[in-house]
Amino acid sequence: MKNGSAQCKMTGACRGVRLHPGSDDMRRVYLDNAAAMPLLPEVTEAMLPYLGDVFGNPSSLHDWGDGAREAMEAAREQVARLIGGNAGEVVFTGSGTEANNLAVKGLALAQQKKGKHVVVSAIEHFSVLHSARTMAKRGFEVSEVPVDKHGVVDPDDVHRSLREDTILVSIMHANGEVGTLEPTSEISRITRERDVLFHTDAVATTGTIPVDVRELGVDALSLAGNQFYGPKGVGALWVRKGVRIMPLLDGGIQERGRRAGTENVPAIVGLGRAAELASDRMAERMKHLSVLRNRLLKELPEAIEQVIVTGHPRNRLPGHASFCVEFIEGEAMLMLLNSKGIAVSSGSACTSRALKASHVLIAMGLAHEIAQGSILLTLAADNSGQDIDYVLEAMPPVVDRLRQMSPLYDRYMKTGKGGS
């Protein structure tokens, strides 16, 4: 079956009938969009001149540099408009991970005369958690606030964690693994009252749901292009005007001295165009994705017993459906689903090959053996109801096959013990 024209219009990238390689009739369903999304044709088209004729260095003082510099500054404006900031507050980076590293390390180093205490949540992306732990090795102190069973940070826990020497709080806007939205605005009111800088990792939300840095009340915000139909290998950090930040890369004066190195102009142009399209199409995308997500959240546990929905049941990203399937390993599910032409993930793409239980799910209170059965289905605007039908048809036999080989499931069937 072909995807409908409505989905094609929302993405601009119809992929038509998606068949498995080597098969004449197997449908292909891509539900790993949190890891990588397809480039929109409009984004590719915008990038092409800067991979060819317009090749100058934006720092050069001649005509060849002018075209590259003007395109980069236009992209900076597009990104700033998407998040409600000013262009001069946007620093281009090589990824969301780099943006998070620059935020946590750069802000902490710039404020260390005031104190050396940093607060993060237990479910942050590893680019935040590991950055904080690196700062701990440099003499900083790091406090991790817990989350509830849905992955929600309690603002009161943040408030209790603050000390006289606290200089930075970094709490994500939404968790990309379970889709839970965090009470960012409430947390920012607490940090403002205490004159503490607040950074949010908004990689999972920017370009997907409305993000406004002024309404959120944050001092710094990270984003990445590959999360909203832009290119991989490009991100940005918004830093509120007047906030001091130390650069992490030594070199030239690019990005107003905040990030050295010749800019990736084609990717930055693509990021800007993707940001512009996200602004135009966001409402329609959200409506479409929410319908498909809600079907998965409701119908998958109905089709397969002993399946736990992870993340907040309602306050979550529109395209995220995450579960733990008991008695089996998530990686085994991924491989068998892939053989049926279905692409999903088991936790964060950054840890999917680590074969370890998700730190996010463990922090949410799930037992290690249950967390091992995690599966994440992330939707894009060209996914259709037929895609969901196919997943709901294909997944139960996969789970049943794996459970027949599971001693845990065998014990559960004999004793009724071992389930959630």
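What comes next is a walk through the structure.

Criteria and cut-off values
Residues numbered from 1 in each chain as written. Predicted model: local features only at pLDDT ≥ 70, side-chain atom pairs only at ≥ 80, totals over all residues. Heavy atoms only, no water. Helix = DSSP H or I, 4+ residues; strand = E, 2+ residues; numbered from the N terminus. Buried < 20%, exposed > 50% of the residue type's maximum accessible area, 1.4 Å probe, protein only. Contact = heavy atoms within 4.5 Å. Areas by Shrake-Rupley, 256 points an atom, 1.4 Å probe, with all protein chains shown as cover. Lys, Arg positive; Asp, Glu negative; His and termini not counted. Charge placed at Lys NZ, Arg CZ, Asp CG, Glu CD. Phe/Tyr/Trp six-rings, centres within 6.5 Å; stacked < 30°, edge-to-face > 60°. Lys NZ or Arg CZ within 6 Å of the ring centre and 35° of its normal. Salt bridge = Lys/Arg side-chain N within 4 Å of Asp/Glu carboxyl O. Axes fitted to C-alpha atoms, helices over the stretch in contact; angles between N-to-C directions. Left-handed = near helix turned anticlockwise from the far one by under 90°. Nonpolar A, V, L, I, M, F, W, Y, C, P; charged D, E, K, R; others polar. Pairing = 2+ DSSP bridges. Core = buried A, V, L, I, M, F, W, Y, C linked by side-chain atoms within 4.5 Å.

Considering the overall build of the chain
A count of helices and strands for the chain gives 14 helices and 12 strands. In terms of principal-axis extent, the alpha carbons of the chain reach across some 70 × 55 × 30 Å. A total of 420 residues make up the chain; the buried ones form 57% of that total. If you take every contact in the chain between residues at least 6 apart in sequence, the share linking residues at least 24 apart comes to 74%. Only carbon and sulfur atoms are counted for the fraction: they give 52% of the accessible area of the chain, which is about 18,100 Å². Within the chain, the 50 negative side-chain charges are centred at a point lying 2 Å from the centre of the 47 positive side-chain charges.

Regarding the packing of aromatic side chains
Overall, the coordinates contain zero aromatic pairs when judged by the stated rule. The ring of Phe-140 carries the charged tip of Lys-116 above its face, separated from the ring centre by 5.3 Å.

Quick word on the pattern of salt bridges
By the definition in use, this model includes 17 salt bridges. A salt bridge links Arg-27 to Asp-387, with the shortest nitrogen-to-oxygen separation between them at 2.8 Å. Of the two residues, Arg-27 is situated in the loop between α1 (5-11) and β1 (29-30) and Asp-387 in helix α13 (residues 385-403); the sequence distance between them amounts to 360 residues. With respect to class, Arg-27 is no different from Asp-387; both count as buried. Here Arg-76 and Glu-255 are joined by a salt bridge, their closest N and O atoms 2.7 Å apart. A residue pair is termed long-range when its members are at least 10 positions apart, and Arg-76 in helix α3 (residues 63-83) and Glu-255 in the loop between β8 (235-239) and α9 (265-303) qualify at 179 residues. By relative accessible area, which is 1% here, Arg-76 ends up buried. By relative accessible area, Glu-255 is classed as buried at 4%.

Quick word on the packing of α3 against α9
Where α3 meets α9, the closest approach of the two axes is 8 Å, and the angle between their N-to-C directions is 35 degrees. Pair α3 / α9 crosses with left-handed handedness. Taken together, the residues of α9 that come into contact with α3 (itself represented by Ala-68, Ala-71, Met-72, Ala-75, Gln-78, Val-79 and Leu-82) are Val-265, Ile-268, Val-269, Leu-271, Gly-272, Arg-273, Ala-275, Glu-276, Ala-278, Ser-279 and Met-282. When its residues are assigned to classes, the contact of α3 with α9 shows 13 nonpolar, three polar and two charged.

As for unusual backbone geometry
Of note, the phi angle at Tyr-229 is positive, near 70 degrees, even though the residue is not glycine. Counting through the fold element by element, Tyr-229 comes out in the loop between β7 (220-224) and β8. We classify Tyr-229 as buried; its relative accessible area is 4%. Despite not being glycine, Gln-306 shows a phi value in the positive range, around 55 degrees. Take Gln-306: it is sitting in the loop between α9 and β9 (307-309).

Thoughts on the sheet that holds strand β10 (residues 320-325)
Ordered by their spatial adjacency, three strands build an open sheet running β9-β10-β12, and the pairing between neighbours is antiparallel. Of all the strands in the sheet, just β9 and β12 (374-378) have a single pairing partner and so form its edges. Each neighbouring strand pair of the sheet contributes to a mean axis angle of 25 degrees, computed without reference to strand direction. With five bridges connecting them, β10 and β12 associate as antiparallel partners.

Thoughts on the nonpolar core
Counting residues in hydrophobic clusters, the biggest one holds 59 residues, and the most contacted among them are Ile-83, Phe-92, Val-169, Leu-221, Leu-223 and Phe-228. Formed by 31 residues, the second largest nonpolar core is a distinct cluster that contains Leu-292, Leu-300, Leu-379 and Ala-394.

In short, the description is geometric, and any link to function would need to be established separately.
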